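# Tertiary structure, described
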Amino acid sequence: MAEPLVKLEDVGLTLPSQAGDVEILKNISLDIGAGEQIAIVGPSGSGKSSLLMLLGGLEPATNGAISVLGQDLRNADEDTLARLRRGRMGVIFQSFQLIPTMTALENVLVPLEITGAPDAKAAATRALEEVELGHRIDHYPAQMSGGEQQRVALARALAPGPVLLLADEPTGNLDGETGAHVTDLIFRLAEQHGTTLVLVTHSEALATRCARQIRLSDGRIAA
Amino acid sequence: MIAFAWKIALRELRGGLAGFRVFLACLILGVGGIAAVGSVTSAISEGMAAEGQTILGGDVELRFAYRPANEDELAWMNAQGDVSRIVSMRSMLSKGEERALAEVKGVDDAYPLYGEVAMSGGASLNDALAPVNDVPGLLVEPVLAARLGLEPGHEVRLGAGTFIYRGTIEAEPDRASAGFAMGPRVMTTVEGLDRAGMLTTGVIYRTGYRIRVPEGTDVAAMKTAFDAAFPEAGARWRDRANAAPGIARFVQRFGAFLILVGIAALAVGGVGIASAVQGYLTRKLPAIAALRTLGATGATVFLAYAMQIALIAGLGIIAGVALGAGLVALFGPLLSASLPVPADFTIHAEPLIKAAVFGAAAAALFTAWPLSWLRRVRPAELLRRETTGQVRWPGWPTVAVLVALAALFAVLVIFWSPAPWLVAICLGGIIGAVVVLRCLGWVTAWAVRRASTSGVAARLPTLRMALSAVGASGAGTPSTVVALGLGLGVLTAIGQIDANMQRMLNDQLPEGSPAFFFVDIQNEQLDPFRDKIASIDGTGDLGSAPMLRGILTHLDGVPAKEAEIDPAAAWVLRGDRGVSYATAPPAGSVLTEGTWWEAGYDGPPLVSFAEEEGRELGLAVGETITINILGRPITAEVANFRSVEWRSMGINFIMILSPNALAGAPHTHIATLHADEAAEGEILRTIGREMPNVTPVRVRDQITRVSDGLGKLGAATRWGALAVLLTGLAVLIGTAAAGEDRRRAEAAILKVLGASRGQILVNFALRSALSGLIAGLIALLWGGLAAWAVMTFVFDTTFTLEPLSAIAIVLGGTAATLIIGLFFARGPLGIHPAKVLRMAAG
């Protein structure tokens, strides 16, 4: 059997707060294979987004072992984690997280330039055209609607051709129609690029579009 | 409404002053600087006013150009009160082979009428100067005693006379009224100088009669009476209210200039003040939204926040005034010791009140725009967070109020200045510079933005990202250019002017300037003098001309004091001027209008006038001037105008008369000599030994004195410019601090996208350095232009860009922003992306 793309063994996450330490995730064990589409669902505060942060190497786990794309994340420093994500992992957030001082094109260019991709501009333009924003490449985030910003974020995440796409409530800030359009794009492009998709969502309807659902409750995998 | 707004203001202020550090820093620095400079100016002015009699040496002084008062004039003076006579001249003091140029002052027994001369050893002045075995005593400044190695009892020579050195002058009460000094002070008796043959007719000296009048005497009426009794005396009148007009004028003008520098600091600080208010209002959006939803009108909310800003501004102004007054109280005694005039370093209310008013006006001016949107914003916009408190068009009424405020500010600055024209021009320059810098900032941001899409940038991703960030709207590049560009530009201008002045002074020596001026060459000494000089190896061209001194009293029949003239030529009428006569135009002069008189001309007196000064005095060829020489008025017709190149340092005069006009007038000659530097010592020794009455003035020494003076002025101006720069840095720090959240978010996103900390650091460093480089280059551009204009139009010389100072300015700007940028990059670099992203997600 092929080595899973992502492997979590007995992982926990505890974060400090003013009221004392809070145990966010407990005893999470999980394998994700290449090409899978997985939804992580659960009520607010169940730890969905935190789990996604662990998968992206954006947050260090308090305990347990995490291996992503063949890299053991235990004891990996910030730069090692950044290099892990570089070109191989795309992340989309509920609040888009575009760089406000850069145009749509420049936002998409950034990961390509970090990886040193040849002909980055052409690749970024193509990525924006794929999300139907070829006509807005010179617009700043503030000049675009929420749906358009999320599509720029999607283009940015997919432009370097990542192996793994992590999406945290990508439609949470969008209206129904726009959200559906963005969702369609995410699934279509992930399939088109053969990218493994891990999607955090509240929406059961959206979760059912993924082949596998992982339900979190109070920081544990419920089923 | 007011009571409600007040309550809201106080409640909101409970949050503390955290967002107002830059606001307060800018206001405190600007107000503090103005208060300090104003206090120093007041201290000197008040000190001079209080000590007017001492500085002048009497209640009134009548100064005659190289003649004593005649019997009638002396009788008139004696009738007014106690009279003391002094004479002043330049001469060489020598001991053995060592000699030095000195400012000589001869005094009588009554000197000083006010104040006291302090000497080494504490002896009385009269005792020290009293002759022993017919050899008069002599005192010198400590610097001269050290240079000549003098010990009390040493025999020294002054001109052709012998004197006994008795000690050093530690304090001379009337030193400040003496004007520009070419050497250290030497003091002896009038009688001693007379016996040494130094007061013979034709020798260049001035006689001053100081009068102590009974209390309650109307000095102005006294002057009117003197003018009526002796209309042709050609005497210069000064009284205790105007004891040292040159110093007073300088202090007022330089003080006015430095206050402008303080106002420039306020103008730069205005950028920080406005952005601090904008940032504060952005943070207060939820509160503002709630107030509007609950029924508060736009005017009420505006008032509530305007009150908060006013309270904080009041705090800043009070702190600024305290800082200014405190600095002066702390350093006043130190400063006092190095001032040539007495100063009263107590607290003066007027400059502090003015500084407070300037601070209040600046705070109102720069906060009105960002505050104004509170009156116009709709509650729905606030609730939907559609607005971010960004500055936007405030509407015509607000703009009208702002223009009125700015005009009032300008009028106050000009009206309160002792040099309104200078201040008006400089203020116009500052406003122009801020506007131009802002525009250049926008243009540069646009250009950088374009550059970020170029092919070169595409090949260098890190550079492209930095260019894109610097050029983006909201990146603050125009603010950085203003904040840093004004102070750096002033420093550039000063550095370039200073370097060009030094170059001008130094470069001229080997090329066209003489090595020496010689004065007081008697008629019969002229030929032997030429022979002596010719016998010394290394001497070159020797030029000479007859030299008299006279006071211009009438311009085409109109008394000079009543004539309407260009102020630029006022100096020609102030005091006595050198006058000569000649049969042909001096070398290097070109007649621009009229004709020169024929050889042997014997008609009514004619005069050749320097063209620039003549036209500034409103003269025309064919009109007349009256000049008082040795108490004798000579009226001459202007025969021609001639161009004069003063910088060539050759012999030239404003007025050259036809020889017949001065026939029989006793006079001496002035000479210039070109010589190798190696020959200068021998020249000094030979002339000192053979012709002790002739005074050599070494040009190199005088240039050093002028250079030193310029250096001190430059240093004072540099301190002022540094204050502007400091405010600019405070604004930059404020801007960098305000942008830290944005940089955190950006760093987190870049990390998500795979950027290492090194890459992010390079990115942030590059953009900081780029914006500083741009500000530095723009400062270099406008500061260089300003320096070019000053050198070209004020000093009428060529301008060369001095590379070291220019590079230092550009590197300085780059380093400042880089250091600040790197300091504020530490936080974003070290942050875990998840923390930022979680906060952003709410």
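Residues numbered from 1 in each chain as written. Chains lettered and ligands numbered in written order. Predicted model: local features only at pLDDT ≥ 70, side-chain atom pairs only at ≥ 80, totals over all residues.

The subject of this paragraph is the overall build of chain A. What chain A contains, in helices and strands, is seven helices and 10 strands. Counting every position in chain A, which comprises 223 residues, the buried fraction comes to 48%. Sequence separation of 24 or more characterises 70% of the internal contacts of chain A that already satisfy a separation of 6 or more. (Helix = DSSP H or I, 4+ residues; strand = E, 2+ residues; numbered from the N terminus. Buried ≥ 20, exposed ≤ 12 C-beta atoms within 10 Å, placed from the backbone. Contact = placed C-beta atoms within 7 Å.)

Here we come to the overall build of chain B. A count of helices and strands for chain B gives 27 helices and 21 strands. A separation of at least 24 residues holds for 86% of the contacts in chain B among residues at least 6 apart in sequence.

Let us look at helix H6 (residues 176-193) of chain A. Residues and elements named next belong to chain A. Taking 1.5 Å per residue, 18 residues should reach 26 Å; H6 reaches 25 Å between its end C-alpha atoms and fits that length. Residues Val182, Thr183, Leu185, Ile186 and Ala190 constitute the buried set of H6. Burial along H6 is one-sided: seen end-on, the buried residues are contained in an arc of 160°. Of the exposed residues in H6, those oriented more than 90 degrees away from the buried face are Gly176, Glu177, Asp184, Arg188, Glu191 and Gln192. Elements that come into contact with the buried residues of H6 comprise strand E3 (37-41), helix H5 (146-158), strand E7 (164-168), strand E8 (196-200) and helix H7 (204-207). Where H6 ends, the next residue or the one after it, Gly194, has phi of about 65°, a positive value. (Expected span 1.5 Å × (residues − 1). Arc of directions from axis to C-beta.)

Each side of the interface is counted separately: chain A has 26 residues, and chain B has 25 residues. Listed by contribution, the elements that provide at least two residues to the side of chain A that touches chain B are helix H2 (78-85) and helix H3 (104-115) of chain A. Top contributing element to the side of chain A that touches chain B by residue count: H3 of chain A, with six residues.

Right, let's get into the environment of Leu352 of chain B. Inspection of the secondary structure puts Leu352 of chain B in helix H12 (residues 349-376). Apart from residues no more than four positions distant in its own chain, Leu352 of chain B is found in contact with Ala35, Ser39, Val321, Gly324 and Ala325 of chain B.

Note on helix geometry: an α-helix contains 3.6 residues per turn, so any two residues three or four positions apart are oriented the same way. All names here are of chain A. The end-to-end C-alpha distance of H5, which contains 13 residues, comes to 18 Å, matching closely the 18 Å that a straight helix rising 1.5 Å per residue would cover. Of all 13 residues in H5, 11 are buried; the element is thus mostly enclosed. Looking at H5, one finds that the buried residues are Glu148, Gln149, Gln150, Arg151, Val152, Ala153, Leu154, Ala155, Arg156, Ala157 and Leu158. Check the buried side of H5 and you find it contacts strand E6 (89-92), H3, helix H4 (120-130), E7 and H6.

Before going further, it helps to examine the confidence of the model for chain B. Per-residue pLDDT for chain B has a mean of 82; in total, 92% of the residues score no lower than 70. Overall fold confidence for the complex sits at a pTM of 0.66, while the interface term, ipTM, reaches 0.77. (pLDDT = per-residue confidence, 0-100.)

A few words on unusual backbone geometry. Of the consecutive residues Tyr111 of chain B and Pro112 of chain B, the connecting peptide bond is found in the cis state with omega at -10°. Phi is positive for Glu132 of chain A, close to 65°, though the residue is something other than glycine. Note on placement: Glu132 of chain A falls in the loop between H4 and H5. Phi angles above zero are rare outside glycine, and Asp520 of chain B is one such case at about 65°. On the secondary structure map, Asp520 of chain B appears in strand E11 (residues 516-521). Overall, Asp520 of chain B belongs to the buried group, with 24 C-beta atoms counted inside 10 Å.

With that settled, the discussion passes to the sheet that holds strand E4 (residues 63-68) of chain A. All names here are of chain A. Read across the open sheet, the four strands follow the order E2-E1-E4-E5; overall the sheet is antiparallel. Each edge of the open sheet is held by one strand with a lone partner, namely strand E2 (22-32) and strand E5 (71-72). Two strands pair when backbone bridges link them, and E4 and E5 are joined in this way by two bridges, in the antiparallel orientation. Paired with Ser67 across the bridge in E5 is Asp72. (Pairing = 2+ DSSP bridges.)

Here we come to the sheet that holds strand E9 (residues 212-217) of chain A. Residue and element names in this part refer to chain A. Ordered in space as E6-E7-E8-E3-E9-E10, the six strands form an open sheet in which the pairing is mixed. Whereas interior strands pair on both sides, the edge strands pair on one side only; in this sheet they are E6 and strand E10 (220-221). Two strands pair when backbone bridges link them, and E3 and E8 are joined in this way by four bridges, in the parallel orientation. Among the inter-strand pairings, Ala39 is bridged to a residue of E8, identified as Leu199.

What follows covers the packing of helix H14 (residues 396-415) of chain B against helix H15 (residues 420-451) of chain B. Residues and elements named next belong to chain B. Across the interface, H14 lies against H15 with an axial gap of 8 Å and an inter-helix angle of 145°. Contacts between H14 and H15 involve Ala410, Val413 and Ile414 on the former and, on the latter, Pro420, Val423, Ala424 and Leu427. Broken down by class, the residue content of the contact of H14 with H15 amounts to seven nonpolar, no polar and no charged. (Axes fitted to C-alpha atoms, helices over the stretch in contact; angles between N-to-C directions. Nonpolar A, V, L, I, M, F, W, Y, C, P; charged D, E, K, R; others polar.)

To continue, consider the environment of Gly219 of chain A. Looking at where Gly219 of chain A falls in the secondary structure, it is placed in the loop between E9 and E10. Along the sequence, Gly219 of chain A and Ser46 of chain A sit 173 residues apart, while their C-alpha atoms lie 5.2 Å from each other.

Residue and element names in this part refer to chain B. In terms of residue burial, strand E1 (residues 60-65) counts as a mostly covered element, since six of its six residues are buried. The alternating pattern of E1 places Val60, Leu62 and Phe64 on one face and Glu61, Arg63 and Ala65 on the opposite face, and all of these are buried. Bridge analysis of E1 against strand E9 (residues 206-212) gives six bridges, and the strand direction is antiparallel. Each bridged residue has a counterpart across the sheet, and for Glu61 the counterpart in E9 is Arg210. Bridge count for E1 against strand E10 (residues 236-239) is four bridges, and the pairing is antiparallel. Counted as the bridge partner of Glu61 is Arg238 from E10.

A separate point is the packing of helix H17 (residues 461-471) of chain B against helix H25 (residues 757-794) of chain B. All names here are of chain B. Interaxial distance between H17 and H25 falls to 9 Å at its minimum, and their mutual angle equals 50°. Comparing the axis directions of H17 and H25 gives the class oblique. For the pair H17 and H25, the crossing hand works out as right-handed. Of the residues in H25, those in contact with Thr462, Leu463, Met465, Ala466, Leu467, Ala469 and Val470 of H17 are Gln759, Val762, Asn763, Leu766, Arg767, Leu770 and Ser771. (Parallel < 35°, antiparallel > 145°, perpendicular 65-115°, else oblique. Left-handed = near helix turned anticlockwise from the far one by under 90°.)

What follows deals with the environment of Leu829 of chain B. Residues and elements named next belong to chain B. Inspection of the secondary structure assignment puts Leu829 in helix H26 (residues 803-830). Sequence-wise, Leu829 and Arg744 are 85 residues apart; in three dimensions their C-alpha atoms are separated by 7.5 Å. Residues contacting Leu829, with those up to four places away along its chain left out, are Ala747, Arg757, Ile760 and Leu761.

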